[in-house]
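These are the residues of each chain, in order.
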Amino acid sequence: MVMASNPGTNAAPPFDLSGGHPALDFVNSLDNRYGKDGPAELLGSYGDLLRFAEQSQLLDAQRARLLARSVSPVAAARALRTARELREALAALLYGQLEGRVPARADILVLERRFHDAGRHRELRWESSEAGLPGHAKLQWQWGRSAKAADFPVWLVAHAASQLLSSNTMEQLRACGAETCRWLFLDTSKNHTRRWCNMKVCGNRAKARRFQQRHAE
Ligand SMILES: [Zn+2]
């Protein structure tokens with residue numbers, strides 16, 4: 001689904017998070033993936049990757065600003081490449097699953113590597129309770145020092161993706177019914193009948209097309 005740009009401002013339009021999960025919204029950041037006029041890259045820069053992670057609530061604004069300021073251009077370019085590679089491996093696996101295809105070993109290996117990266121950078125910390133009450137303190141997984149690494153947003157996406165891919169939520173995975181769109185989403189509707197990534201865009205477009213066809217007959 002192609003987003004309308006924001007008239008009157010130079011700011012990039014916000015990411016459309018219709019997928020219902022950060023890993024699916026991430027795959028959707030290569031827009032118009034199967035369209036005849038070619039895909040449109042919404043992750044054009046490291047800044048876009050940070051914006052995506054922040055808008056998906058994987059990353060807080062303060063850390064996003066810190067990374068935008070501190071990451072070198074070379075490290076940023078490398079992290080962006082890693083992010084896109086992860087995205088395409090996820091796309092191959094998820095669309096393959098919808099179409100009943102066995103995933104390629106190379107794609108599984110990319111996922112495995114990034115999922116391991118994400119796991120390895122989490123730190124186990126002892127958190128005492130705010131009120132200092134005994135018995136309320138516990139061990140917690142935190143990102144700690146890794147939050148300053150250029151690849152941090154990639155690890156956040158990889159961690160979210162590994163949780164989704166190994167959960168029963170995968171039964172709700174669907175692709176938008178519009179052939180030019182095919183965005184991934186989770187169908188959480190009561191009767192499991194959701195067909196469009198976004199009813200307002202793809203749903204209405206399909207309705208308009210059916211209307212035209214009926215009136216052309
Ligand atoms: Zn759509």
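Use the structure listed above.
As the structure is a computational prediction, the values presented were derived from the model and not from experiment.

Q: Mind showing me how you'd approach the coordination of the zinc ion here?
A: Six octahedral donors around a metal ideally subtend angles of 90 or 180 degrees, whereas four tetrahedral donors ideally subtend 109.5 degrees. Bound to the zinc ion on the protein side are Cys-176 (SG), Cys-181 (SG), Cys-197 (SG) and Cys-202 (SG), at distances that span 2.3 to 2.4 Å. Coordination at the zinc ion comes from 4 donor atoms whose angles at the metal span 105 to 119°, giving a geometry best classed as tetrahedral. Counting residues between consecutive donors of the zinc ion along the chain gives the motif C-x4-C-x15-C-x4-C. Of this pair, Cys-176 sits in the loop between strand 5 (173-175) and strand 6 (184-186) while Cys-197 sits in the loop between strand 6 and helix 7 (199-216), and the two are 21 residues apart along the sequence. Cys-197 shares its class with Cys-176; the two are buried.

Q: Mind showing me how you'd approach a nonpolar patch on the surface here?
A: A grouping of Leu-124, Trp-126, Leu-139 and Trp-141 is seen on the molecular surface, where their side chains present a nonpolar patch of about 500 Å² in accessible area. Of all the elements in the fold, those that place two or more residues in the nonpolar patch are strand 3 (123-127) and strand 4 (138-142). The residue Trp-141 is located in strand 4 in this model.

Q: It is not clear to me how helix 4 (residues 73-98) should be interpreted in this structure. Could you clarify?
A: At 3.6 residues per turn, the α-helix brings residues three or four places apart onto the same side. With 26 residues, helix 4 ought to run about 38 Å at 1.5 Å a step, and its terminal C-alpha atoms sit 37 Å apart, in line with that. Following helix 4 by one or two positions, Gly-100 has its phi on the positive side, about 75°.

Q: Looking at this structure, I do not really get helix 5 (residues 105-120). What am I missing?
A: Between its first and last C-alpha atoms helix 5 spans 22 Å; for 16 residues at 1.5 Å apiece the expected length is 22 Å, and the two agree. For helix 5, every residue scored as buried is listed here: Val-110, Leu-111, Arg-114, Asp-117 and Ala-118. One side of helix 5 carries all its buried residues, which in axial view fall inside an arc of 125°. In helix 5, the exposed positions angled more than 90 degrees off the buried face are occupied by Arg-105, His-116 and Arg-120. Residues of helix 5 that are buried in the fold lie against helix 4 and helix 6 (152-165).

Cut-offs applied
- Note that residues are indexed from 1 along each chain, following the sequence as it is written.
- Only residues with pLDDT of 70 or above have their local features reported here, since the model is predicted, and side-chain atom pairs are shown and tallied only from 80 upward, although totals for entire chains, interfaces and linings are computed over all residues.
- The basis for the side-chain values is all heavy atoms of the structure; hydrogens and waters are excluded.
- Metal coordination here is assigned from N, O and S atoms located within 2.8 Å of the ion, or within 3.2 Å for Na, K and Ca; omission of water means that sites may look incomplete.
- For four-coordinate sites, all angles between 85 and 135 degrees define a tetrahedron; for four- and six-coordinate sites, opposite donors beyond 155 degrees with the remaining angles between 65 and 115 define square planar and octahedral shapes respectively, and all other cases count as irregular.
- Helix and strand assignments come from DSSP, with helices taken as H or I runs of at least 4 residues and strands as E runs of at least 2, each series counted from the N terminus.
- Buried, partly exposed and exposed residues are distinguished by accessible area as a fraction of the type maximum, computed with a 1.4 Å probe on protein chains only: under 20%, between the cut-offs, and over 50%, respectively.
- Patch membership needs two things, relative accessible area over 30% and no salt bridge, and members are linked within 9 Å if like-charged or within 5 Å if nonpolar (Val, Leu, Ile, Met, Phe, Trp, Tyr).
- Here the accessible surface of atoms and residues is derived via Shrake-Rupley with a 1.4 Å probe, and residues count as covered only by protein chains that are part of the display.
- Any carboxyl oxygen of Asp or Glu that lies within 4 Å of a side-chain nitrogen of Lys or Arg is treated as forming a salt bridge with it.
- To estimate the expected span of a helix, subtract one from its residue number and multiply by 1.5 Å.
- The directions from the helix axis to the C-beta atoms form the arc being described.
- For this analysis, residues touch if any pair of their heavy atoms sits within 4.5 Å.

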